[in-house]
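Read off the chains here:
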Amino acid sequence: KEIKYHSITSIDLGSVNIATVCNSSNLKPIFYGRNIKGIRRHYSWLRRRLGNKKLLKKIKEMDDKEKRIIEQELHKISNNIVSLAVKTKSLIVIGNLKGIRNSVKNKGRRLNRIISNMPYFKLTKFITYKAVLQGIKVLRVKEYNTSKLCSKCNNIGIRKQQGLFKCKSCNY
């Protein structure tokens, strides 16, 4: 079935919030999955503690539990995103993070662990199959340099900090 789209729902995948969703009809962003990083960190700490006590069987049991909890959270997030897209009759645009794990190889153990443990592909897969079932099209867009490009003039600007962007050419 062909749907006439009235807006765009864009999804930015990140490490603090696994998905930041913004719809063109309502520009207020919605943040999802902030707790996933905490769940991963907790189970990593628990595995380390149990490993020191040589309780390897417990680690294996716990690993399956962590996987199920994360997967349940991803299903909730993907359901919310797709239902928003259905409600606003919008096209879904997701950033393509292909090669993200290779780009953090030499940035330190901690950042490497954080990026490698985030389930970006699984969330993207969940959103895609649920959107297709609803008849919504999903586009994948390269994310290279998107945080440095000005949304008004498309020139490269400066990000002084996480939430502050300054364009050299148009002063946006």
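Below or above, wherever it landed, is the structure these notes cover. (Residues numbered from 1 in each chain as written. Predicted model: local features only at pLDDT ≥ 70, side-chain atom pairs only at ≥ 80, totals over all residues. Heavy atoms only, no water.)

Describing the packing of helix H1 (residues 34-52) against helix H2 (residues 56-87)
Interhelical geometry of H1 versus H2 gives an angle of 180° and a closest axis separation of 10 Å. When the axes of H1 and H2 are compared, the pair comes out roughly antiparallel. On H2, the residues touching Asn35, Ile36, Ile39, Arg40, Tyr43, Leu46, Arg47, Leu50 and Gly51 of H1 are Lys58, Ile59, Met62, Asp63, Lys65, Glu66, Ile69, Ile70, Glu73, Leu74 and Ile77. For the contact of H1 with H2, the residue count by class is eleven nonpolar, two polar and seven charged. (Axes fitted to C-alpha atoms, helices over the stretch in contact; angles between N-to-C directions. Helix = DSSP H or I, 4+ residues; strand = E, 2+ residues; numbered from the N terminus. Parallel < 35°, antiparallel > 145°, perpendicular 65-115°, else oblique. Contact = heavy atoms within 4.5 Å. Nonpolar A, V, L, I, M, F, W, Y, C, P; charged D, E, K, R; others polar.)

Re the sheet that holds strand S4 (residues 90-96)
Taken together, the five strands give an open sheet; going across it, the order is S3-S2-S1-S4-S5, and neighbouring strands pair in mixed fashion. Taken across any chain shown, the strands that pair with only one partner, and hence form the sheet edges, are strand S3 (26-32) and strand S5 (138-142). The sheet shows a mean angle of 25° between the axes of neighbouring strands, direction not considered. The strands touched by H2 within the sheet are strand S1 (7-13), strand S2 (19-23), S3 and S4, with S2 carrying the most contacts at an inclination of about 10°. (Pairing = 2+ DSSP bridges.)

Observations concerning the pairing of S1
Each regular strand displays side chains that alternate between the two surfaces of the sheet. Burial along S1 is one-sided: the face carrying Ser7, Thr9, Ile11 and Leu13 is buried and the face carrying Ile8, Ser10 and Asp12 is not. Of the strand pairs in this sheet, S1 and S2 are connected by five bridges, and their pairing is antiparallel. Among the inter-strand pairings, leucine 13 is bridged to a residue of S2, identified as alanine 19. Between the antiparallel neighbours S1 and S2 lie five residues. (Buried < 20%, exposed > 50% of the residue type's maximum accessible area, 1.4 Å probe, protein only.)

A closer look at H2
Along its 32 residues, H2 runs 47 Å from first to last C-alpha, staying within 8% of the 46 Å computed at 1.5 Å per residue. Along H2, the residues that are buried comprise Ile59, Met62, Glu66, Ile70, Glu73, Leu74, Ile77, Ser78, Ile81, Val82, Leu84 and Ala85. Buried residues belonging to H2 abut S1, S2, S3, H1, S4 and helix H5 (120-134). (Expected span 1.5 Å × (residues − 1).)

These values are about where atoms sit, not about what they do.
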